[in-house]
Amino acid sequence: MTSLLDIIELLGTLAFAYGGIVEARRNNLDLVGAFTAAFLSAFGGGTLRDVLLDRRPLYWVAHPSYPLLVFVLTVVVQVAFRGRLPGLGGTWWLITDALGLGLFSAAGVSIAVEQGLPLFPASLFGVITATFGGVLRDVICAQVPGIFKRGQLYATCAFAGAWVFILLQAVLPGAAPVFACITVAAGLRLAAVRFDLTLPA
Amino acid sequence: MTSLLDIIELLGTLAFAYGGIVEARRNNLDLVGAFTAAFLSAFGGGTLRDVLLDRRPLYWVAHPSYPLLVFVLTVVVQVAFRGRLPGLGGTWWLITDALGLGLFSAAGVSIAVEQGLPLFPASLFGVITATFGGVLRDVICAQVPGIFKRGQLYATCAFAGAWVFILLQAVLPGAAPVFACITVAAGLRLAAVRFDLTLPA
Amino acid sequence: MTSLLDIIELLGTLAFAYGGIVEARRNNLDLVGAFTAAFLSAFGGGTLRDVLLDRRPLYWVAHPSYPLLVFVLTVVVQVAFRGRLPGLGGTWWLITDALGLGLFSAAGVSIAVEQGLPLFPASLFGVITATFGGVLRDVICAQVPGIFKRGQLYATCAFAGAWVFILLQAVLPGAAPVFACITVAAGLRLAAVRFDLTLPA
């Protein structure tokens, strides 16, 4: 079970980082900007969570091979593919990004619940962890963050997953609430893309 | 006295949050964006102060009914009022916003003074607490923050209130310096709106 | 040796702050905006480093004369020079800014190494300390940060200096690695301006 979560973590991190590189390309950033965008997309949400909850070491400090991997990925993509990058609409990217959304939401809410936070703030930490990396990336691109504009559900999926985790962790032991959170968040995200689900307002 | 401060805190928080919702509407954000804008407006300044001064738990974690109230307010406004929102020029909003500006400035500078900070940095914490929620909100709207553009005094009022607090807390006990800070900051702010007071540069 | 570093620190801080004031002018900010831009340029990178590494007190809290100096500088420039400010292309500004870039990179990476961080994250802390003040300043000006756009090497110089520090501190005692970092970072920066060196991508 743990190794399955490790695989999802690796895939999710790479999917988030690649999303950052694509955004950087779209905004004509150079290698420094592309790495920053990839880094923020992959680690920004968790870093914000850890700063707000006063946890150290930060994830990318404790696992230095991850930021190094993102660095290598950025250099390779930036140097090898000069033209338009394969977009973010591909099935593989959508699935790994959705899994990352669910896993990072679970990682955020579970840490908050462990620290004894009240449930509503705890659920917000699921959303922050899963989505604020992308928010920070959009901010350095001087764009209104995509998740704040009317569109297919994204942050809402992390929010729903976080509440599934909160409800289940009270009654189920072990990793089951984490997998339920991932399933609900990723499933809702893929359904939102497939059926064009949006918020009413 | 304490309960009067509690009432000002509630009114100020709601005024700040409503200001965030109006800004979000102006920038065409959806419900996720509107809640984030409202949340940042209401709690962003205090959160930045607490992170910079290494204080935990954060205000909205220790008082979860406040962010929940902001969440409900956002959903109600976003769903019930689809058109243009009543603006921010109304007397009631101006007064509660000005009171919030004063109270949050007092909350920032008093905590900094308590921690033994030198006076100039301490006064900056009054300004940060009172105004950086709005700065963060404007940043996620990809706008130059309103308080950095020539206009009626705003941050300056928090700065003046903070110095009144600093000077008085050395000689007056209890809540008197807090009320003096609120009076000066809110009074100066309302005078700035009434008489169009601006900085010389 | 220490007093030489103190002089570089003062010059670098003033050069960074002045760069912030010029950017604020270019974006039509008022005195509040200009001070915030100057403050972020001068202290933002170190503050971000200290928050991420959980160090207190922050530099500008422990050395309150520095932010006060930046405040006075901002007021003087803002009030005395109403027109277009002397730009950032002058030799003196370029040299002091380059020295600041090198010193702040050394300050970031040395603290990270001292805390026992793995080398790649440690090198990133050199870059963050030296360059993220400018990033934060550009963000509040609602601009894509200059260091993320194709142009003469800047963050790369801090990165190179940080690695020189990392390699040398393992074998050389005292302040030598710091001076080597400053020399390499500042030298590369000035060479980049002189010979128009840019990243390949």
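Residues numbered from 1 in each chain as written. Chains lettered and ligands numbered in written order. Predicted model: local features only at pLDDT ≥ 70, side-chain atom pairs only at ≥ 80, totals over all residues. Heavy atoms only, no water.

Now for the interface of chain C and chain A. Interface size is commonly expressed as the accessible area that is lost once the parts come together. Residue-level contacts link 27 residues of chain C with 26 residues of chain A. Interface area lost by chain C to chain A is led by C:Phe120, C:Phe148 and C:Ala201, which between them contribute 29%. Here chain C and chain A share 0 salt bridges between them. Remark: the boundary between chain C and chain A carries 6 residue pairs in polar contact (both at pLDDT 80 or more). In terms of residue count, helix H6 (residues 119-140) of chain C provides more of the side of chain C that touches chain A than any other element does, 7 residues in total. For the side of chain C that touches chain A, the per-class residue count stands at 22 nonpolar, 2 polar and 3 charged. (Contact = heavy atoms within 4.5 Å. Buried area = accessible area lost by both parts, 1.4 Å probe. Salt bridge = Lys/Arg side-chain N within 4 Å of Asp/Glu carboxyl O. Polar contact = N/O pair within 3.5 Å; in protein donor to acceptor, adjacent residues only side chain to side chain. Helix = DSSP H or I, 4+ residues; strand = E, 2+ residues; numbered from the N terminus. Nonpolar A, V, L, I, M, F, W, Y, C, P; charged D, E, K, R; others polar.)

A few words on the relation of the copies chain C and chain A. With an RMSD of 0.0 Å, chain C superimposes on chain A once it is rotated by 120 degrees and translated 0.0 Å along the axis. Overall, the copies show the geometry of a three-fold rotation axis. For chain C, the residue whose C-alpha comes nearest the rotation axis is C:Ala142, separated from it by 3.3 Å. Both copies present different contact surfaces, since only 15% of the interface residues of chain C are interface residues in chain A too. (Least-squares fit on C-alpha atoms with pLDDT ≥ 70 in both.)

Let us now look at empty space enclosed by the protein. Throughout the structure, instances matching the rule amount to 2 cavities of 30 Å³ or more. Approximately 60 Å³ is the volume found for the largest cavity. The wall of the largest cavity is formed by A:Val139, A:Ala142, A:Gln143, B:Val139, B:Ala142, B:Gln143, C:Val139, C:Ala142 and C:Gln143. Counted by class, the lining of the largest cavity contains 6 nonpolar, 3 polar and no charged residues. Roughly 30 Å³ of internal volume is contained in the second largest cavity. Taken together, B:Phe16, B:Ser41, B:Ala42, B:Gly45, B:Gly46, B:Phe104, B:Thr129, B:Ala130, B:Thr131, B:Gly133 and B:Gly134 make up the full set of residues lining the second largest cavity. For the lining of the second largest cavity, the secondary structure elements donating two or more residues are helix H2 (31-52) and helix H6 (119-140) of chain B. Sorting elements by how many residues they give to the lining of the second largest cavity places H6(B) first, with 5 residues. For the lining of the second largest cavity, the per-class residue count stands at 4 nonpolar, 7 polar and no charged. (1 Å grid on protein atoms, 1.4 Å probe; cavity = no way out; pocket = protein on both sides within 12 Å on 5 of 7 lines; lining within 4 Å. Points joined across faces, edges and corners; volume = space filled by probe spheres on them.)

The biggest cluster of nonpolar side chains holds 209 residues, and the ones touching the most others in it are A:Trp60, A:Phe125, B:Trp60, B:Phe125, C:Trp60 and C:Phe125. Once you skip the residues sitting within four places of it in the chain, A:Trp60 turns out to touch A:Phe39, A:Phe43, A:Thr47, A:Pro67, C:Leu52, C:Pro121, C:Leu124, C:Phe125 and C:Ile128. (Core = buried A, V, L, I, M, F, W, Y, C linked by side-chain atoms within 4.5 Å. Buried < 20%, exposed > 50% of the residue type's maximum accessible area, 1.4 Å probe, protein only.)

Before going further, it helps to examine the pattern of salt bridges. Residue and element names in this part refer to chain A. Taken as a whole and judged by the stated rule, the model has 15 salt bridges over all chains. Linking Asp50 and Arg49 is a salt bridge whose minimum nitrogen-to-oxygen distance equals 3.0 Å. Take Asp50: its relative accessible area is 2%, and that puts it in the buried class. The exposure class of Arg49 is buried, given its relative accessible area of 7%. Salt bridges linked by common partners bring Arg49, Asp50 and Arg55 together as one network.

Quick look at the side chain of C:Ser110 now. For C:Ser110, the position within the fold is in helix H5 (residues 91-114). Separated by 3.3 Å, the side chain of C:Ser110 and the backbone oxygen of C:Ala107 make a polar contact.

Time to look at helix H7 (residues 155-169) of chain A. Spanning 15 residues, H7(A) covers 21 Å between terminal C-alpha atoms, matching the ideal 21 Å at 1.5 Å per step. Those residues of H7(A) lying buried are A:Ala155, A:Cys157, A:Ala158, A:Gly161, A:Ala162, A:Phe165 and A:Ile166. Looking at the buried side of H7(A), the elements it contacts are helix H5 (91-114), helix H6 (119-140) and helix H8 (176-195) of chain A together with H2 of chain B. (Expected span 1.5 Å × (residues − 1).)

The next thing to look at is helix H4 (residues 65-80) of chain A. Two residues of an α-helix separated by three or four positions point the same way, owing to the 3.6 residues in each turn. All names here are of chain A. Helix length check: H4 (16 residues) gives 22 Å between terminal C-alpha atoms against 22 Å at 1.5 Å per residue, within 8%. Every buried residue of H4 is accounted for by Tyr66, Pro67, Val70, Thr74, Val77 and Gln78. Down the axis of H4, the sector holding all buried residues measures 95 degrees, keeping them to one side. (Arc of directions from axis to C-beta.)

On to unusual backbone geometry. Trans is the prevailing form of peptide bonds, just as negative phi is the prevailing case for residues other than glycine. Of note, the bond from B:Arg56 into B:Pro57 is cis; its omega dihedral lies within 30 degrees of zero at -5 degrees. Looking at the element boundaries, B:Pro57 is found in the loop between H2 and helix H3 (59-62). Despite not being glycine, C:Ala142 shows a phi value in the positive range, around 55 degrees. Within the fold, C:Ala142 resides in the loop between H6 and helix H7 (155-169).

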